[in-house]
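Descriptive structure summary
Each chain, written out:
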Amino acid sequence: MKTILLMIGIGLFHSAVLWAQTAPTIRVKGGPNWQRSVPFEERYRYPQFRTGTITYRNGLAATGRFNYNILIGEMQFIDAKGDTLALANENTIRTVQVAETTFLYDQKYGFMEVTADYNTVKLAMKPIFKTVRAEKNGAYNQSSGTSSITQYKSFIGSTGQLARLEQEGDLLLEKEVVYLVIDPNNRFYRLSRGSILKIFPKNKSAIEAYLKAESIDFKKEADLKKLLQFCSELSS
């Protein structure tokens, strides 16, 4: 399991809409058993481990039962003994196909779920949990909002994964979704005006005009799909 503190990233529900329909924040208990304080349906992409296929860059493939652990940013599987383990050597993985969903791995961003493929580029999403508030323990070692402090100096690793909560108080987390675009060379970028223009430099004028006319919201999946569809048609 990876070792990083206090701000967590993600793996995914099928769309940002599903995330918006759930509770906006979750409470994570501090201490050695912090993961158990988060319900299974909040921690994982699927309500149960599902049959899938992992394909490696060398062409080899294997099947198993997989699930994406959103809380700590790991693709996990059930081994022959029934234990839950994390996939190792992620850089050797090309794809993980779980049911109808394709996950790709990037060293910086970790596992991401592909939500649209436009041949030239792909749209991917990665839900994250941002730290809202860290609470001190009050009387009788109980976390209390009345004794809370706000801490924004959380530590984050390259893929944004939470490893342990050393503090004794609770941590309040808020859900967000990060969108990424994957270029034809399988390079991953946070979706923004700058990254789109970098991927499609020959169509800069047309794309800038489109962005101005359509008022694209880079936090809305529907808008991003329209934008990438437009860009891919320009380059075809």
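This report concerns the structure included in the present document.

Rules used throughout
Residues numbered from 1 in each chain as written. Predicted model: local features only at pLDDT ≥ 70, side-chain atom pairs only at ≥ 80, totals over all residues. Heavy atoms only, no water. 1 Å grid on protein atoms, 1.4 Å probe; cavity = no way out; pocket = protein on both sides within 12 Å on 5 of 7 lines; lining within 4 Å. Points joined across faces, edges and corners; volume = space filled by probe spheres on them. Helix = DSSP H or I, 4+ residues; strand = E, 2+ residues; numbered from the N terminus. Nonpolar A, V, L, I, M, F, W, Y, C, P; charged D, E, K, R; others polar. Polar contact = N/O pair within 3.5 Å; in protein donor to acceptor, adjacent residues only side chain to side chain. Buried < 20%, exposed > 50% of the residue type's maximum accessible area, 1.4 Å probe, protein only. Contact = heavy atoms within 4.5 Å.

In this section: the layout of surface pockets. Roughly 160 Å³ of internal volume is contained in the second largest pocket. Lining the second largest pocket are Arg57, Asn91, Arg94, Thr95, Leu104, Tyr105, Asp106, Gln107, Lys122, Asn186 and Phe188. Within the residue set of the lining of the second largest pocket, elements represented by two or more residues are β7 (93-98) and β8 (101-106). The biggest single contributor to the lining of the second largest pocket is β8, with three residues. Per-class residue counts for the lining of the second largest pocket are three nonpolar, four polar and four charged.

Tracing the sequence through the fold places Lys126 in strand β10 (residues 122-137). Separated by 50 residues in sequence, Lys126 and Glu176 have C-alpha atoms that sit 8.6 Å apart. Within polar-contact distance, the side chain of Lys126 engages the side chain of Tyr68 at 3.3 Å.

Quick look at the side chain of Thr101 now. Within the secondary structure, Thr101 sits in strand β8. The class of Thr101 is buried, set by a relative accessible area of 8%. One polar contact links Thr101 to Tyr46, side chain to side chain, over a distance of 3.0 Å. For Thr101, the residues in contact, after removing those within four places along its chain, are Arg45, Tyr46, Val96 and Glu113.

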